[in-house]
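# Structural overview for review
Chain by chain, the residues:
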Amino acid sequence: MLKGLLMTLRLLWVVNLLTGALYYFHVAVPLNIHMYLGFAITLVMIMIGVMGLRSVIGLAIVTIVVGISLPVIGILQLKHLAMPDLPYVQITHVILGVAAIALAEITGKRIRLSAA
């Protein structure tokens, strides 16, 4: 199950990164597709975090927190559209996205190593 979740997360992450970049450069990609993919990524990250609560508690909690904070920061961008700090919120969102995939991969590897 863990391998399937990680493969799903990888696919969702790449597609979501692509849709986010296309939306940023004003290509005809609806924002709601990017948001739905982001919520799916959040659910997968929460599932990976819950799976890790037995073996890697600290990493699992951080994975869950980053997974939840990613859409929160993403939605926060909508409130900052006319403000000068929008680029900082966008950069934070991208950095969290990269951290999310890294944390999920590390947590998945540690879960596999602890099960062996």
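Quick look at the structure, then. All of these numbers come straight from a predicted model, not from anything done at the bench.

With that out of the way, let us pick up the nonpolar core. Proteins that are soluble and globular tend to have nonpolar side chains buried together. Core analysis: the largest hydrophobic core is formed by 22 residues, its most contacted members being Leu-9, Val-44 and Ile-48. Elements with a contribution of two residues or more to this core: helix H1 (2-24), helix H2 (31-51), helix H3 (57-79) and helix H4 (86-115). Here this core gets seven residues from one element, more than from any other, and that element is H4. When neighbours within four sequence positions are excluded, Ile-48 is seen to be in contact with Leu-2, Leu-5, Leu-6, Leu-9, Ala-104, Thr-107 and Ile-111.

Any two side chains of opposite charge can pair if their charged atoms end up close together. For the coordinates displayed, the defined rule picks out one salt bridge. The shortest N-O distance in the salt bridge between Arg-10 and Glu-105 comes to 2.5 Å. Pair noted here: Arg-10 is in helix H1 and Glu-105 is in helix H4, with a separation of 95 residues, a long-range link.

There is a patch of like positive charges on the surface, built from Lys-3, Lys-109, Arg-110 and Arg-112. When residues of the positive patch are assigned to their parent elements, the largest contribution, three residues, is made by H4. Residue Lys-3 is classed as exposed on the basis of its relative accessible area, which comes to 67%.

Rules and cut-offs
- Residues numbered from 1 in each chain as written.
- Predicted model: local features only at pLDDT ≥ 70, side-chain atom pairs only at ≥ 80, totals over all residues.
- Heavy atoms only, no water.
- Core = buried A, V, L, I, M, F, W, Y, C linked by side-chain atoms within 4.5 Å.
- Buried < 20%, exposed > 50% of the residue type's maximum accessible area, 1.4 Å probe, protein only.
- Helix = DSSP H or I, 4+ residues; strand = E, 2+ residues; numbered from the N terminus.
- Contact = heavy atoms within 4.5 Å.
- Salt bridge = Lys/Arg side-chain N within 4 Å of Asp/Glu carboxyl O.
- Patch = residues over 30% accessible without salt bridge, like charges linked within 9 Å, V, L, I, M, F, W, Y side chains within 5 Å.
- Areas by Shrake-Rupley, 256 points an atom, 1.4 Å probe, with all protein chains shown as cover.
- Lys, Arg positive; Asp, Glu negative; His and termini not counted.
- Charge placed at Lys NZ, Arg CZ, Asp CG, Glu CD.

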